[in-house]
Amino acid sequence: DNKGPRVTAYITLPGRYLVYMPTVEHVGISRRIEKESERQRLREIIERIRPKNQGFIVRTAAEGKGEDEFINDMRFLMDHWENINKRSQGSKAPALIHEDLGPIFRVIRDVFSQDVSQFVIDSREEHKRVIEFLDSLLPSLKPKVKLYDKIEPIFETYGVEKQIRKALRQKIWLKSGGHIVINPTEALVSIDVNTGKYVGRENADETILKTNIEAAIEIAR
């Protein structure tokens, strides 16, 4: 009963590399960025380019990024905050003036990058919205967004359904010939690792070790 709903007046707006805090003058760095020299570098950049009396938290994705990326992110977030303020002034309470991005746009904000070969969408309406969103946030990535308009369902074409079925199987074979058996119960999920067909030329300890290493990778997957 000490985990009730929490209300705060501290506004936070997440961007790709930064979280903007328009009502707090504070610069923070994600704890997941562990290297002290990198933390210092990021702090110095943000302190230098941030507007006076504006707060920012540097997200994990910012590691290794340069000043230009942060300036673009700041500009986008500050414009966003300005639009929220305009909506609040023209609205009569109770009214929704802002809500967090949906799953598609969170993926774009947090995951979509030059490392992604293509971003395929099977909805004409969502495709249009994504292109408009990228116009203001990441225009260089627009050519990677493709509209899927074939008759066959998109998950079948790209083998997603097959991978889901494979991931949900109870018994999974390992490359060496061993296998794991996954049994969900009410209290826990038990995973039994078996050497199975794999007897190998190595001694028993090496056989068990190799099977367990394969099992660990497959379990995580």
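Residues numbered from 1 in each chain as written. Predicted model: local features only at pLDDT ≥ 70, side-chain atom pairs only at ≥ 80, totals over all residues. Heavy atoms only, no water.

Colleague: What is the right way to look at the sheet that holds strand 9 (residues 189–194) in this model?
Modeller: Strand pairs in the sheet, formed through backbone hydrogen bonds, run parallel or antiparallel to each other. Ordered in space as 7-8-9, the 3 strands form an open sheet in which the pairing is antiparallel. Looking at strand neighbours, the two that pair on one side only are strand 7 (171–173) and strand 9, the edges of this open sheet. Strand after strand, the sheet turns through a mean of 20 degrees between neighbouring axes, direction not considered. Inspection of the sheet shows strand 8 (residues 179–184) paired to strand 9 by 6 bridges, in the antiparallel sense. Residue pairing for strand 9: Ile-182 is matched across the bridge by Ile-191. Where helix 7 (residues 204–220) meets the sheet, its contacts fall on strand 7, strand 8 and strand 9, and the angle it forms with strand 9 comes to roughly 145 degrees. (Pairing = 2+ DSSP bridges. Helix = DSSP H or I, 4+ residues; strand = E, 2+ residues; numbered from the N terminus. Axes fitted to C-alpha atoms, helices over the stretch in contact; angles between N-to-C directions. Contact = heavy atoms within 4.5 Å.)

Colleague: What exactly am I supposed to notice about the environment of Tyr-17 here?
Modeller: Its place among the elements puts Tyr-17 in the loop between strand 1 (13–14) and strand 2 (18–21). Taking the C-alpha atoms as reference points, Tyr-17 and Glu-34, separated by 17 residues in sequence, lie 16 Å from one another. Those residues in contact with Tyr-17 that sit more than four places away from it in its chain are Ile-57, Val-58, Arg-59, Ala-61, Ala-62, Lys-65, Glu-69, Phe-70 and Asp-73.

Colleague: What am I meant to see in the pairing of strand 2 here?
Modeller: The side chains of a regular strand alternate between both faces of the sheet. Going residue by residue along strand 2, you find Leu-18 and Tyr-20 tucked away on one face and Val-19 and Met-21 tucked away on the opposite face as well. Linking two consecutive strands that pair antiparallel, namely strand 1 and strand 2, is a turn of 3 residues. Strand direction decides the pairing type here: strand 2 and strand 4 (residues 55–58), joined by 4 bridges, are antiparallel. Paired with Leu-18 across the strands is Val-58, a residue of strand 4. (Buried < 20%, exposed > 50% of the residue type's maximum accessible area, 1.4 Å probe, protein only.)

Colleague: Please clarify how the packing of helix 1 (residues 36–49) against helix 2 (residues 67–89) should be interpreted in this entry.
Modeller: A packed helix pair is summarised by two numbers, namely the angle formed by the two axes and the spacing between the axes. Running from N to C, helix 1 and helix 2 cross one another at 50 degrees; their axes reach a closest spacing of 11 Å. Comparing the axis directions of helix 1 and helix 2 gives the class oblique. Along this stretch, helix 1 crosses helix 2, giving a crossing that reads as right-handed. On helix 2, the residues that touch Leu-42, Ile-45, Ile-46, Arg-48 and Ile-49 of helix 1 are Glu-67, Phe-70, Ile-71 and Met-74. Its residues assigned to classes, the contact of helix 1 with helix 2 comprises 7 nonpolar, no polar and 2 charged. (Parallel < 35°, antiparallel > 145°, perpendicular 65-115°, else oblique. Left-handed = near helix turned anticlockwise from the far one by under 90°. Nonpolar A, V, L, I, M, F, W, Y, C, P; charged D, E, K, R; others polar.)

In short, the description is geometric, and any link to function would need to be established separately.
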